[in-house]
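Observations on chain architecture
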Amino acid sequence: GGGKKMVNAPMALPGMKIDGLTSDWPGRPGEHLSAGNLVLGADAGTLEGDFKLCWDKDNLYLFVQVADTTPMRNPFTGDRIWEGDGIELFIGPANIDAGGELAFTDRQILLSGSKQTGAVQYFIGGKPTSAKITMEVVKNVAGDGYALEAAIPWSALNMQPAEGKELLFDIGIDDNTGSGRARQLMWNGISRNSGDRSKWG
């Protein structure tokens, strides 16, 4: 919740596939989240993550690699996805210098880090939308984490992309160790990101 970090999203390479692999991603290092990003919970434990972004005219793409000794625990759906393993995105395309309560155009997107329900699960908070997110979640071979990849249509974010455009952004990693969310890492903001955009990056 300090100063505003910045992350750059390059153009996607042609032929992006949502398969939980980074072989078709631009060759840039990811942004790292670790114990210093803890905003909820007594400690971070072994929870860490790295994320990447890229885009094209149709989608904002996200790839997150999560280190988690109890991976892919999330039986929750809809607006309760945040209670289990997963990713929270916060995106504000307008009035990026304004803080306070979320704006009408802001979006909170919940991406489940599990397929416990039999399929990938996501939830788009804010103005109702019929946009469909394409995503994949894959457990690490060693069983010590998971990869999540998603293609989020610009229509879900109520905006059109443009080279050089700036927008408010933040990303959190939720961790469920058994009965519910035990901890949360946040790239730039705070545990109250869902109601206050002041600390988004």
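Above this text sits the structure in question.
The sections below set out a description of the structure shown in this document.

Section: the overall build of the protein
A count of helices and strands for the protein gives zero helices and eleven strands. Ordering the α and β elements of the protein from the N terminus gives β-β-β-β-β-β-β-β-β-β-β. At 16 Å, the protein has a C-alpha radius of gyration in line with the 17 Å of a compact globule built from 201 residues. Principal-axis analysis of the C-alpha atoms places the extent of the protein at approximately 40 × 40 × 30 Å. Taken over 201 residues, the protein has a buried fraction of 47%. Here the analysis covers contacts within the protein between residues at least 6 apart in sequence; of these, 64% occur between residues at least 24 apart. Of the side-chain charges in the protein, 19 are positive and 25 negative, and the distance between the mean point of each set is 3 Å.

What to know about unusual backbone geometry
The backbone of methionine 72 shows a phi angle near 60°, a positive value even though the residue is not glycine. Its location among the elements puts methionine 72 in the loop between strand S4 (59–67) and strand S5 (86–92). Residue asparagine 158 is not a glycine yet carries a positive backbone phi of 60°. Within the secondary structure, asparagine 158 is located in the loop between strand S9 (145–153) and strand S10 (168–176). A relative accessible area of 39% means that asparagine 158 is categorised as partly exposed.

A closer look at the packing of aromatic side chains
All told, the structure shown has five aromatic pairs when counted by the stated rule. Both rings, one in phenylalanine 90 and one in tryptophan 200, keep their centres 5.5 Å apart while their planes meet at 45°; by these two values the pair is tilted. Taken together, the positions of phenylalanine 90 in strand S5 and tryptophan 200 in the segment after strand S11 (181–186) put the pair 110 residues apart, joining distant regions of the chain. What makes phenylalanine 90 buried here is its relative accessible area of 1%. A connected cluster of aromatic rings, assembled from ring pairs, spans Phe51, Phe169 and Trp187.

Describing the nonpolar core
Judged by nonpolar contacts, the single largest core of 34 residues is most densely connected at Phe51, Leu62, Ile87, Leu111 and Ile171. Broken down by secondary-structure element, the contributors of at least two residues to this core are strand S3 (48–55), S4, S5, strand S6 (107–112), strand S8 (134–139), S9 and S10.

Brief notes about the side chain of asparagine 188
Here asparagine 188 shows up in the segment after S11. A distance of 2.8 Å separates a polar atom in the side chain of asparagine 188 from the backbone nitrogen of lysine 5. A distance of 2.6 Å separates the side chain of asparagine 188 from the backbone oxygen of lysine 199, its partner in a polar contact.

What about the sheet that holds S9?
With respect to topology, five strands assemble into an open sheet ordered S1-S3-S4-S9-S8, the strand pairing being antiparallel. Pairing within the sheet leaves two strands with one partner each, and these edge strands are strand S1 (31–33) and S8. Strand after strand, the sheet turns through a mean of 15° between neighbouring axes, direction not considered. In this structure, S4 lies alongside S9, joined through nine bridges in antiparallel fashion.

A short note on the environment of glycine 118
Positionally, glycine 118 belongs in the loop between S6 and strand S7 (122–125). It is 9.7 Å that separates the C-alpha atoms of glycine 118 and proline 75, two residues lying 43 residues apart in sequence.

Regarding the pattern of salt bridges
Inspection of every chain in the model, using the stated rule, returns eight salt bridges. Ionic pairing is found between aspartate 174 and arginine 181, a salt bridge with its closest N-O pair at 3.2 Å. We note a salt bridge from aspartate 175 to arginine 183, for which the minimum N-O separation is 2.8 Å. We note that aspartate 175, like arginine 183, is buried. One connected set of salt bridges, linked through shared partners, spans Asp43, Asp175 and Arg183.

The rules behind the values
- Residues numbered from 1 in each chain as written.
- Predicted model: local features only at pLDDT ≥ 70, side-chain atom pairs only at ≥ 80, totals over all residues.
- Heavy atoms only, no water.
- Helix = DSSP H or I, 4+ residues; strand = E, 2+ residues; numbered from the N terminus.
- Rg over C-alpha atoms; globule rule 2.2 N^0.38 Å.
- Buried < 20%, exposed > 50% of the residue type's maximum accessible area, 1.4 Å probe, protein only.
- Contact = heavy atoms within 4.5 Å.
- Lys, Arg positive; Asp, Glu negative; His and termini not counted.
- Charge placed at Lys NZ, Arg CZ, Asp CG, Glu CD.
- Phe/Tyr/Trp six-rings, centres within 6.5 Å; stacked < 30°, edge-to-face > 60°.
- Core = buried A, V, L, I, M, F, W, Y, C linked by side-chain atoms within 4.5 Å.
- Polar contact = N/O pair within 3.5 Å; in protein donor to acceptor, adjacent residues only side chain to side chain.
- Pairing = 2+ DSSP bridges.
- Axes fitted to C-alpha atoms, helices over the stretch in contact; angles between N-to-C directions.
- Salt bridge = Lys/Arg side-chain N within 4 Å of Asp/Glu carboxyl O.

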